[in-house]
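Here's the letter readout for the chains.
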Amino acid sequence: MRSPAELTSMFRSNGMKITSQRQLLFRLLHHTAEHPSAEALYAQAAAEMPGISLRTVYQTLSDLVEMGELHQIHFDNGPARFDPNVSEHHHLVCDRCGDVSDVYATGTDQLHLEGLQGFQVSSTEIVFRGTCASCTSNPSRSGSVTPATSTHHQHEGTPS
């Protein structure tokens, strides 16, 4: 994801309004390796700026996805999550706590696939599910994933 200053310039050049709320969201997203939901980002932003609205968060996330600065990701029936890492990558998902982290794999373009029947592949997404190091070392950590904590990477297009 571009820097907050670059995002501000991009928004301005596209005729989009720049507010202190949007600049806060740019900063929060730029400095995270997390994959927050809109609600989680809203809670974080509201802690710093109590007047921010959830609608502003949703609109800003939507604008950033449309501009290719974020990827919207989904898993199961949980809420959409947003990934500021727009480079080509895949994900590790903990089945116990729902944590999502980035992982890089090479050679995915060389996979042998059967049953395509004329289907044209435009991108590859790989999700590795298992137990994260924190849950492995701390058995008392949450034992089930709730829909609010699950995600799925939906990689679209080419990396920026």
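Refer to the structure presented above.
Residues numbered from 1 in each chain as written. Predicted model: local features only at pLDDT ≥ 70, side-chain atom pairs only at ≥ 80, totals over all residues. Heavy atoms only, no water.

Asks: Help me understand the overall build of the protein chain in this model?
Replies: Helix and strand counts for the protein chain stand at five helices and five strands. Helices and strands in the protein chain line up, N terminus first, as α-α-α-α-β-β-β-β-β-α. Across the 160 residues in the protein chain, those meeting the buried criterion constitute 32%. Within the protein chain, contacts between residues at least 6 apart in sequence are counted, and of these 60% link residues at least 24 apart. Of the accessible surface of the protein chain, which amounts to about 9,300 Å², a share of 49% is contributed by carbon and sulfur atoms. (Helix = DSSP H or I, 4+ residues; strand = E, 2+ residues; numbered from the N terminus. Buried < 20%, exposed > 50% of the residue type's maximum accessible area, 1.4 Å probe, protein only. Contact = heavy atoms within 4.5 Å. Areas by Shrake-Rupley, 256 points an atom, 1.4 Å probe, with all protein chains shown as cover.)

Asks: Just checking my understanding: could you explain a nonpolar patch on the surface for this structure?
Replies: Taken together, Leu111, Leu113, Leu116, Phe119 and Val121 make up a surface patch of nonpolar side chains, about 470 Å² in accessible area. Mapped onto the elements, Val121 comes out in the loop between strand S4 (100-103) and strand S5 (127-130). (Patch = residues over 30% accessible without salt bridge, like charges linked within 9 Å, V, L, I, M, F, W, Y side chains within 5 Å. Salt bridge = Lys/Arg side-chain N within 4 Å of Asp/Glu carboxyl O.)

Asks: Would you explain the sheet that holds strand S3 (residues 90-94) in this entry?
Replies: Whether parallel or antiparallel, the strands of a sheet pair through hydrogen bonds between backbone atoms. Spatially, the three strands line up as an open sheet ordered S4-S3-S5, and their pairing is mixed. Strand pairing shows two members of the sheet lacking a second neighbour, S4 and S5, which therefore form its edges. Adjacent strand axes in the sheet meet at a mean angle of 25°, parallel and antiparallel pairs treated alike. Of the strand pairs in this sheet, S3 and S4 are connected by four bridges, and their pairing is antiparallel. Within S4, the residue paired with His90 across the bridge is Val103. (Pairing = 2+ DSSP bridges. Axes fitted to C-alpha atoms, helices over the stretch in contact; angles between N-to-C directions.)

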